[in-house]
Amino acid sequence: MQTFNIQPVDNALLESIQQKIDNLNKPKGSLGRLEELAMQLCLVQQTLTPRLDHPCHLLLGADHGIEREGVSVSPRDVTWQQMVNFTHGGGGVNMFCRQHGFHLRIVDVGVDHDLSHVEGIIDRKIAPGTNNFLHGPAMTAGEYEQALLTGADLVDSCRQEGCRILSIGEMGIGNTSPSSIWMHLYCHIPLEECIGAGAGLDNAGIRHKYAVLKEAVQTYKAYEAREPYNPHLPLRYFGGYEMTAAIGAMLRAAEHHLIILIDGFIMTACALAATRLYPAAQDYMVFAHCGDESGHGRMLSFMGARPLLNLGLRLGEGTGALCAFPIVDSAARMMNEMNNFKDAEITKYF
């Protein structure tokens with residue numbers, strides 16, 4: 001199984017960073033969360049002058065076998081249709097990447113449609129969608145490891161181009177279902193409280209989704225009882241290829257000391273799963289926003305994460321992470337562009 005060398009951030013520079021922050025020409029603590037963010041950026045990069053060079057956004061697409069059970073209001077065809085739309089520049093993710101200067105990679109890791117001929121889509125397809133986890137594991141051990149490595153390889157490519165900050169988005173009809181189950185299993189919150197409307201289910205649809213996922217969890221627990229302990233099993237059993245690739249990307253990014261912008265409910269579930277494997281990975285994560293999906297705020301609270309934004313977003317694609325980038329950029333600019341009291345010839349009054 002693929003392993004990652006992820007160390008907690010080194011706090012040796014903490015006092016020096018704090019001194020620089022406190023000596024900027026402003027009242028002490030007056031830039032609030034920006035000061036906390038600046039500290040995190042500096043610790044991740046081990047510098048007093050953090051940089052956000054060559055920001056990259058991975059848009060990972062795949063289909064889910066559980067979608068066949070009617071747990072989403074959208075049909076799976078929407079996955080491939082949106083993937084093609086992204087290549088035309090017409091998605092929300094395209095708009096925000098253009099606005100904030102992110103290099104966008106659109107990657108097919110398991111869409112149930114032949115996209116190999118579509119210019120602008122990177123073909124890393126593992127299979128045309130996962131198996132239906134209502135009846136057994138969504139993917140084999142080999143497929144799971146391939147998905148992890150795919151995400152890691154994509155980050156290696158970004159890093160070789162000079163990337164210092166990474167955001168990740170997903171496109172996969174049905175992927176709130178595995179996210180809800182991971183939340184239930186890892187946060188020990190009743191499953192019913194982890195399930196929301198997804199892309200727009202009504203109350204009857206939510207009740208049906210709960211019934212399907214409850215049965216799937218019962219089947220999983222019987223399967224788990226027969227297996228040797230394996231922390232990867234919940235990820236392999238329920239995850240999608242795009243979600244597992246996102247976990248691999250997060251872990252590789254932490255290994256390379258990149259800043260990782262965490263998007264909404266699904267990417268937070270992936271971050272939660274990643275930190276169950278490697279707790280130190282959370283040191284490198286900036287939680288961008290709290291979305292409109294039921295349970296997202298509770299998952300963030302379980303992780304001790306404070307999101308930067310709360311805009312009621314539930315589009316996915318990584319759009320919330322991209323929206324938060326200017327705040328992170330402001331924190332870096334604070335460290336690099338503000339004068340200190342001495343250079344500004346202002347009396348330090350505290």
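This text goes with the structure placed above it.
Conventions and cut-offs
Residues numbered from 1 in each chain as written. Predicted model: local features only at pLDDT ≥ 70, side-chain atom pairs only at ≥ 80, totals over all residues. Heavy atoms only, no water. Helix = DSSP H or I, 4+ residues; strand = E, 2+ residues; numbered from the N terminus. Buried < 20%, exposed > 50% of the residue type's maximum accessible area, 1.4 Å probe, protein only. Contact = heavy atoms within 4.5 Å. Areas by Shrake-Rupley, 256 points an atom, 1.4 Å probe, with all protein chains shown as cover. Salt bridge = Lys/Arg side-chain N within 4 Å of Asp/Glu carboxyl O. Pairing = 2+ DSSP bridges. Axes fitted to C-alpha atoms, helices over the stretch in contact; angles between N-to-C directions. Parallel < 35°, antiparallel > 145°, perpendicular 65-115°, else oblique. Left-handed = near helix turned anticlockwise from the far one by under 90°. Nonpolar A, V, L, I, M, F, W, Y, C, P; charged D, E, K, R; others polar. Expected span 1.5 Å × (residues − 1). Polar contact = N/O pair within 3.5 Å; in protein donor to acceptor, adjacent residues only side chain to side chain. Phe/Tyr/Trp six-rings, centres within 6.5 Å; stacked < 30°, edge-to-face > 60°.

Undergrad: Outline the overall build of the protein, supporting the account with residue identities and numerical values.
TA: On a plain count of helices and strands, the protein comes out with 13 helices and six strands. In terms of its C-alpha atoms, the protein occupies a principal-axis envelope of roughly 70 × 45 × 40 Å. Across the 350 residues of the protein, 57% fall into the buried class. Long-range pairs, those at least 24 residues apart, make up 76% of the contacts in the protein with a sequence separation of at least 6. Counting every atom, the protein has about 14,100 Å² of accessible surface; 48% of that belongs to carbon and sulfur.

Undergrad: I'd like a rundown of the pattern of salt bridges, residues and numbers included.
TA: Under the counting rule described, the total for this entry stands at 16 salt bridges. As a salt-bridge pair, D53 and R51 come within 2.6 Å of each other at their nearest N and O atoms. In this structure D53 comes out as partly exposed when scored by relative accessible area, which is 25%. Classification of R51 as partly exposed rests on a relative accessible area of 44%. Across the pair R76 and E67 runs a salt bridge whose closest N-O atoms are separated by 2.8 Å. Using a relative accessible area of 12% as the deciding quantity, one classes E67 as buried.

Undergrad: Provide a residue-level description of the sheet that holds strand 1 (residues 56-62), including the pertinent values.
TA: The strand order across the open sheet built from six strands is 3-2-1-4-5-6, with neighbouring strands paired in parallel fashion. Edge positions in the open sheet fall to strand 3 (121-123) and strand 6 (285-287), since each of these has one partner strand only. The mean inter-strand angle of the sheet, taken between neighbouring strand axes irrespective of direction, is 30 degrees. In this structure, strand 1 lies alongside strand 2 (residues 103-110), joined through seven bridges in parallel fashion. Bridging across to strand 2, G61 finds its partner in D108. The sheet contacts of helix 10 (residues 265-277) involve strand 4 (165-171), strand 5 (259-262) and strand 6, and relative to strand 6 the element is tilted by about 145 degrees.

Undergrad: Tell me what's going on with the packing of helix 4 (residues 92-100) against helix 12 (residues 319-337), and back it up with residues and numbers.
TA: As a packed pair, helix 4 and helix 12 sit with axes 9 Å apart at the nearest point and diverge in direction by 20 degrees. Judged by the inter-axis angle, helix 4 sits roughly parallel to helix 12. Relative to helix 12, helix 4 is oriented so that their crossing is left-handed. Residues G92, V93, F96, C97 and H100 of helix 4 touch helix 12, and the partners they reach there are T319, L322, C323, F325 and P326. Considering only residue class, the contact of helix 4 with helix 12 consists of seven nonpolar, three polar and no charged.

Undergrad: Which residues make up helix 6 (residues 176-187), and what values do they have?
TA: Compared with an ideal rise of 1.5 Å per residue, which puts twelve residues at 16 Å, helix 6 spans 16 Å between its outermost C-alpha atoms and is within 8% of the ideal. In terms of burial, helix 6 is a largely internal element, twelve of the twelve residues being buried. Every buried residue of helix 6 is accounted for by T176, S177, P178, S179, S180, I181, W182, M183, H184, L185, Y186 and C187. In this structure, the buried residues of helix 6 make contact with helix 7 (203-225), helix 8 (233-238), helix 9 (241-255), helix 10 and helix 11 (296-302). Within two residues after helix 6, H188 carries a phi angle of roughly 60 degrees, on the positive side.

Undergrad: Any chance you could break down the side chain of T319 for me, citing the residues and the numbers?
TA: Relative to the elements of secondary structure, T319 occurs in helix 12. You can call T319 buried: its relative accessible area is 3%. Setting aside residues no more than four positions away along its own chain, T319 makes contact with G92, V93, F96 and D263.

Undergrad: Which residues make up the side chain of N132, and what values go with them?
TA: With respect to the helices, strands and loops of the structure, N132 is situated in the loop between strand 3 and helix 5 (141-160). Among the residues examined, N132 registers a relative accessible area of 16% and is labelled buried. At 2.9 Å, the side chain of N132 and the backbone nitrogen of L134 are in polar contact.

Undergrad: Talk me through helix 2 (residues 32-45); I want residue IDs and the actual numbers.
TA: Each α-helix winds once per 3.6 residues, and so residues spaced three or four apart point in a common direction. Spanning 14 residues, helix 2 covers 21 Å between terminal C-alpha atoms, matching the ideal 20 Å at 1.5 Å per step. For helix 2, the tally of buried residues reaches ten of 14 residues, placing the bulk of the element in the interior. Among the residues making up helix 2, those that are buried are E35, L37, A38, M39, Q40, L41, C42, L43, V44 and Q45. Against helix 1 (14-23), strand 5, strand 6 and helix 12 lie the buried residues of helix 2. Following helix 2 by one or two positions, Q46 has its phi on the positive side, about 55 degrees.

Undergrad: Quick one: what's the story with the packing of aromatic side chains, residue by residue and with numbers?
TA: Applying the stated criterion across every chain yields a total of seven aromatic pairs. With centroids separated by 5.0 Å and ring planes inclined at 85 degrees, the aromatic side chains of F102 and F325 adopt a geometry described as edge-to-face. Of this pair, F102 sits in the loop between helix 4 and strand 2 while F325 is found in helix 12, placing the two residues 223 residues apart along the sequence. Each member of the pair, F102 together with F325, is buried. An angle of 65 degrees between the planes, with centres 4.9 Å apart, marks the rings of Y220 and Y237 as edge-to-face. Residue Y220 is found in helix 7, and its partner Y237 is found in helix 8; the two are separated by 17 residues along the sequence. For the pair formed by Y220 and Y237, the shared burial category is buried.

Treat this as a map of the structure, not an account of what it does.
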